[in-house]
Amino acid sequence: MEYIVEMLNITKEFPGIKANDNVTLQLKKGEIHALLGENGAGKSTLMSVLFGLYVPEEGIIKVRGEEVHINNPNDANNYGIGMVHQHFKLVHNFTVVENIVLGFEDTKHGFLQFDDAIKKITDLSEKYKLKVDPNQLISNISVGMQQRVEILKMLYRNADILIFDEPTAVLTPQEIEELMNIMKDLTKEGKSIILITHKLKEIKQVADRCSVLRKGKYIGTVDVKTTSVEKMAEMMVGREVSFVIDKEVAKPKEVVLKVDNISVYNHALKKNSVTDVSFEVKKGEILCIAGIEGNGQTQLIESITGLNPISNGSLTLNGIDISHYSVRQRNNSGVSHIPEDRHRHGLVLDYSLEKNLILQTYFKELFQHKGFLKFDEIRINSDDLIDRFDIRSGKGSTTSARSMSGGNQQKVIVAREINRDTDLLIAVQPTRGLDVGAIEYIHKQLIAQRDAGKAVLLVSLELDEVMNVSDRIIIMYEGENVGEFDPTVVSENELGLYMAGSKRSDQ
Amino acid sequence: MWEKVKNYLVANALNLNIGFFLFLLVFIIPQFFANNDSILLVIRGLIVATGGGYIFYKLLLFRKNNPNFKPSESKLLVDVAGSIIAILTGLLFGLILMLIVNPGQAFGGFFVILQGGFRNIKSFGDMIYFSVPIILTGLSVAFAFRTGLFNIGATGQLTMGAYAAVYIGVKWGVIGEFSPFLHWLVAILGAIVAGALWGAIPGLLKAYRNVNEVVSSIMLNYVAMYLNTMLIVKYIYNRDFARALAPKSTAVTPLMNLHYLLPNSSVSGGIVVAIVVVIILHIILNKTTFGYELKAVGFNRDASKYAGMNSKRNIVYAMVISGAVAGLAGGLMYLVDGKFLQPLNVLIPEGFTGIAISLLGLSSPFGVLLAGLFYGSLKQGGFYLQLYSFTPEIIDIIIAVIIYASALGLFLQKFVIRAMKKREMLIDQKPEEAVEGSDA
Ligand SMILES: Nc1ncnc2c1ncn2[C@@H]1O[C@H](COP(=O)(O)OP(=O)(O)OP(=O)(O)O)[C@@H](O)[C@H]1O
Ligand SMILES: [Mg+2]
């Protein structure tokens, strides 16, 4: 028996779009099989079909050589299929064990029994070096840890066909490294893995074979060892993609944003999450805040955009003190913001695409008259942005944001914020979850904004992005600014040391 | 500007004409034939025919403009089908219950329920009359719900509205001498203001002190109930009958000619007010920046903050409007001849029924209007059910089951989508074969 899973000629349609059009995917036992494709190519959909979340219109699925019908996730479980979703599905006020056993609880006289479960989880966790504490609350653990909980959840249910949907989009480089090792260990134990990722480097690093989808169609399967990264990118996008960004040397002008000795106090943890941070962003430059996730970047940005109050210091935008401005006032005086969490802040998922594109501008003359929305203008605006930013969806302007693919949701936000044409553009992880083509496009856009005289403040966890796009780098460690660097001079290693806190410049 | 108006007129000529004729038929012409029954019959027939014809025409137009329309892809249709299945489940349950209680009469009684308010002209008018407060409380709950708030305090707001209206109706007769319509209008405005203020309290608490609106509005129901008793006894008490005084005749809701259309029934202008409110709320929610904000706050509070919307202010506004509509319900309920506010210390049930109606009406203003009328019809059915020696409480049980079933909405919707898909496949097959044939 060669293939453990075969998905043959799968077709799955959504209103207005064939998300999978005659797609075939064959997974060998014990391999890591990468699934590559542009945003909206239908990767998550294909995996949801395998996991029983959608029933395809056409095609057959074979598991261990036998044709099966997977109608819901429970069926999938029974066939040994487990999935870590693009957006995790954990209950935040439950502990790790409770989340893992959810739906598979042991009971004795009607009471929940956790002892056996805890033992099993601890064993599994040791065996695969997952380092998870079963008694922690989900809301208290990092994103990387949450992901390992999702992995444990699959293993606990004895799954041996594991699906990872963009597992690395939310991880730090260190965590990614660990995850790669975990996956290799898993295959050594005879598990088979399907890995969805946009990062070709990762595919090169762990995958054995790679299947490519483009606009719902199956393009082909290649052997990863013998195929270059450029070739894979070309297969997926349908044209050549450039990985180096050409940009001219920045010509910074007046200061737009001046951050002066800012501190942010965290009332829950009773300590500062940002301490005495100062910097300036000038017209015509891209300043990047780098660092490992959770070192105060989120809080710093929220205090600049007005979502979170500062406890100390001052913010000046174009010479005006905005420390006590409301979010609306800051927006109007020239701040746009691509937020870190697209589902929490960036989108109203139940609104249509066109309504999401006017989230901060609906009250402007252009879109309303005497309090009544101008639907024609709203449509014109969204058709224009969909076209310019290549936002793909089933029903264009009227698509509900919820039904869009993760990467296209991100494009909606980027399009909206860049289009607002403000003096300061704050971009937090703007390319999270985007395919290489889209990343290339957004990087070009950021640089174009810079060249048009905008000040760009970029927050990124990806060293590649930090090095390629920015003109100046500052690094945050434990809420403090520990050093400023010039990307043309500094090495990645050097940055790494600062990010890990083992080095800091004396200021 | 003029261009736009002209274009609209041209594009909607048919709609406007039909609207105008309906207006003539309903309000003007009946007055000339006040006591002539056969003419009335003809007019009613015409109205039904035009209304039906209009809907049919719209359907045809829609099919023509959207040839590829698939029912399972329309959220609205799927939702509505879910509600209809819920209703059928409730009715079926009622039938089974009746078969158990009194098998001999069960089918006769069930037919009466189905007939509901459509039994005769009188019951039709009564159905409308009884559904007015339900429609309004339903709207109140639905509006708050769209902003993400659960207004369980509609009862309290309704009580306060009712008291204010009756107080003005009893005490401010002077206005009535000046102009009867004005007196009613002032009383109704009083009801609206009282309800709005009562709704503002949980809104303010929620916005500025993060007090859960469910808890605070439930408690305010009791405050309103006892306050009502106290104020009645103090200011507008009729000792002989142990109830509130009757409002002056000038404050009673005008009939707006509807009694010509539906003679002998209790119908009054309340339904016109309710329909106006439906339209206003629909416009607020779907056409204005204010509604855009309210719904954004309801769907995703964090995103609305990110967008710079003032979610606190919006919460207060939403509760004020919700309370105002519930207050209006109270006003219309008690500004009626022969209906009296009672100092009884019971919560007025219409406020709670509104929750159910809002659920059944999918929290949309027009949906609530239909659901409210449906409720009124069932109530009428229950009334006539007594002819078959069943108790009208069966209706309440049916409604309770319907509500349970619509709470299972998601589950039902899956079912609906599957059924629709099956049908579409059957329909699709034939044309496809034809195309293949012509290709070969
Ligand atoms: N539930 C749904 N309803 C309607 N359309 C959907 C639904 N889910 C996905 N789609 C559409 O199907 C297409 C494929 O989506 P899918 O989520 O599979 O993309 P993806 O390859 O995972 O992309 P990404 O890399 O951006 O996550 C998209 O155009 C999307 O808009
Ligand atoms: Mg996806």
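These notes cover the structure that comes with them. (Residues numbered from 1 in each chain as written. Chains lettered and ligands numbered in written order. Predicted model: local features only at pLDDT ≥ 70, side-chain atom pairs only at ≥ 80, totals over all residues. Heavy atoms only, no water.)

Here we come to the overall build of chain B. Within chain B one finds 19 helices and two strands. Sequence separation of at least 24 residues holds for 75% of the intrachain contacts in chain B that already meet a minimum separation of 6. (Helix = DSSP H or I, 4+ residues; strand = E, 2+ residues; numbered from the N terminus. Contact = heavy atoms within 4.5 Å.)

The next subject is the site of ligand 1. Residue and element names in this part refer to chain A. Taken together, 20 residues surround ligand 1, and among them Gly40, Lys43, Ser44, Thr45 and Gly407 come closest. Here an oxygen atom of ligand 1 and a side-chain polar atom of Thr45 are 2.5 Å apart. Contacts to ligand 1 include Ser403, whose backbone N or O atom sits 3.1 Å from a nitrogen atom. Protein coverage of the free-state accessible area of ligand 1, which is 640 Å², stands at 89%. Every element with two or more residues in the shell around ligand 1 is listed here: β2 (17–28), α1 (43–50) and α14 (406–419). The leading source of residues in the shell around ligand 1 is α1, at three residues. (Near = heavy atom within 4 Å. Polar contact = N/O pair within 3.5 Å; in protein donor to acceptor, adjacent residues only side chain to side chain. Areas by Shrake-Rupley, 256 points an atom, 1.4 Å probe, with all protein chains shown as cover.)

Turning our eyes to something else, we now look at the packing of helix α5 (residues 143–156) of chain A against helix α6 (residues 173–188) of chain A. Between two packed helices, what matters for the description is the angle formed by their axes and the separation of those axes. Residues and elements named next belong to chain A. Close contact between α5 and α6 brings their axes to 11 Å; oriented N to C, the two are set at 10°. When the interaxial angle is binned, α5 and α6 end up roughly parallel. Considering how the two elements wind past one another, α5 and α6 form a crossing that is right-handed. In contact with Gly144, Met145, Gln147, Arg148, Ile151 and Leu155 of α5, α6 contributes Glu175, Glu178, Leu179, Ile182 and Leu186. Looking at side-chain class alone, the contact of α5 with α6 contains six nonpolar, two polar and three charged residues. (Axes fitted to C-alpha atoms, helices over the stretch in contact; angles between N-to-C directions. Parallel < 35°, antiparallel > 145°, perpendicular 65-115°, else oblique. Left-handed = near helix turned anticlockwise from the far one by under 90°. Nonpolar A, V, L, I, M, F, W, Y, C, P; charged D, E, K, R; others polar.)

Residue and element names in this part refer to chain A. As summarised here, the arrangement of the four strands in space is β14-β13-β16-β17, forming an open sheet in which the pairing is antiparallel. Only two strands of the sheet have a single neighbouring strand rather than two, namely β14 (271–282) and β17 (320–321). Taken together, the five bridges between strand β13 (residues 255–266) and strand β16 (residues 312–317) define a ladder with antiparallel strand orientation. Opposite Lys258, over in β16, you have Thr316 as the bridge partner. (Pairing = 2+ DSSP bridges.)

Each side of the interface is counted separately: chain A has 28 residues, and chain B has 20 residues. When chain A packs against chain B, close to 2200 Å² is buried across both sides, 58% of that on carbon and sulfur atoms. Summed over the shared surface of chain A and chain B, the result is one salt bridge. Of the charged contacts, one joins Arg344 of chain A and Asp302 of chain B as a salt bridge, the two residues approaching to 3.0 Å between their closest N and O atoms. On inspection of chain A and its partner chain B, the count reaches 17 residue pairs in polar contact (both at pLDDT 80 or more). (Buried area = accessible area lost by both parts, 1.4 Å probe. Salt bridge = Lys/Arg side-chain N within 4 Å of Asp/Glu carboxyl O.)

The next thing to look at is the pairing of strand β23 (residues 472–477) of chain A. All names here are of chain A. Within β23, five of the six residues are buried, which leaves it mostly tucked inside the rest of the structure. Note that strand β15 (residues 285–290) and β23 share four bridges and pair parallel. Residue Ala290 lies in a different strand from β23, and its bridge partner there is Ile475. Between β23 and strand β24 (residues 480–485), which follow one another and run antiparallel, lie two residues, and Glu478 among them has a positive phi close to 45°. (Buried < 20%, exposed > 50% of the residue type's maximum accessible area, 1.4 Å probe, protein only.)

A separate point is a nonpolar patch on the surface. Residues Phe372 of chain A together with Ile275, Ile279, Ile283 and Phe366 of chain B make up a contiguous nonpolar surface patch of about 410 Å² in total accessible area. By residue number, the principal contributor to the nonpolar patch is helix α12 (residues 270–287) of chain B, which donates three residues. (Patch = residues over 30% accessible without salt bridge, like charges linked within 9 Å, V, L, I, M, F, W, Y side chains within 5 Å.)

All names here are of chain A. Evaluation of the coordinates by the stated rule reveals 35 salt bridges over all chains. For Lys127, the salt bridge is made with Glu189, and the minimal N-O distance between the two is 3.6 Å. Residue Lys127 is located in helix α4 (residues 115–127), and its partner Glu189 is located in the loop between α6 and β10 (192–196); the two are separated by 62 residues in the primary sequence. Arg416 is the salt-bridge partner of Glu417, the closest N and O atoms lying 2.9 Å from each other. Among the charged side chains, a salt-bridge network with shared partners connects Lys247, Arg450, Asp451 and Asp471.

In this section: the nonpolar core. In globular proteins that are soluble, nonpolar side chains generally tend to be buried together. Counting residues in each nonpolar core, the largest one holds 78 residues, and the members touching the most others are Leu136 and Leu139 of chain B. Looking at which element gives the most residues to this core, the answer is helix α15 (residues 311–334) of chain B, with eleven residues. Not counting residues up to four positions away in its chain, the partners in contact with Leu136 of chain B are Ala274, Val277, Val325, Leu328, Ala329 and Leu332 of chain B. Counting 51 residues, the second-largest nonpolar core is a separate cluster that includes Val84, Ile100, Val222 and Met236 of chain A. (Core = buried A, V, L, I, M, F, W, Y, C linked by side-chain atoms within 4.5 Å.)

The next point concerns the sheet that holds β23 of chain A. Residue and element names in this part refer to chain A. Pairing is mixed across the open sheet formed by six strands, whose spatial order is β18-β21-β22-β15-β23-β24. The open sheet has two free edges, formed respectively by β18 (335–338) and β24, since each of these has just one partner strand. Put simply, the sheet's adjacent strands are angled 20° from each other on average, direction ignored. Taken together, the five bridges between β23 and β24 define a ladder with antiparallel strand orientation. Counterpart to Met476 in the pairing with β24 is Asn481. Sitting on the sheet, helix α17 (residues 492–499) touches β15, β23 and β24, and the angle it makes with β23 is about 30°.

Moving on: the packing of aromatic side chains. Here the structure, examined in full by the defined rule, presents 14 aromatic pairs over all chains. Aromatic pair Phe389 of chain A and Tyr441 of chain A: ring centres 5.7 Å apart, planes at 90°, arrangement edge-to-face. Of this pair, Phe389 of chain A sits in helix α13 (residues 375–389) while Tyr441 of chain A sits in helix α15 (residues 436–451), placing them 52 residues apart in sequence. Relative accessible area serves as the criterion here: at 5%, Phe389 of chain A is assigned to the buried category. In textbook terms, an aromatic cluster arises when at least three aromatic residues are bridged by ring pairs, as seen for Tyr351, Tyr362 and Phe363 of chain A together with Tyr292 and Phe299 of chain B. Its end group placed over the ring of Tyr156 of chain A, Lys120 of chain A keeps NZ or CZ at 4.5 Å from the ring centre. (Phe/Tyr/Trp six-rings, centres within 6.5 Å; stacked < 30°, edge-to-face > 60°. Lys NZ or Arg CZ within 6 Å of the ring centre and 35° of its normal.)

Moving on: a positive patch on the surface. Residues and elements named next belong to chain B. The grouping of Arg209, Arg301, Lys305 and Lys312 at the surface amounts to a positive patch. Structurally, Lys312 is set in helix α15. Residue classification places Lys312 among the partly exposed residues on the basis of a relative accessible area of 40%. (Lys, Arg positive; Asp, Glu negative; His and termini not counted. Charge placed at Lys NZ, Arg CZ, Asp CG, Glu CD.)

All names here are of chain B. Following the sequence through the fold, Thr155 ends up in helix α7 (residues 154–171). Among the residues examined, Thr155 registers a relative accessible area of 1% and is labelled buried. Engagement of the side chain of Thr155 in a polar contact is seen with the backbone oxygen of Ile348, the distance being 3.5 Å. Other than its neighbours up to four places away in sequence, Thr155 contacts Asn221, Leu347, Ile348, Gly351 and Phe352.

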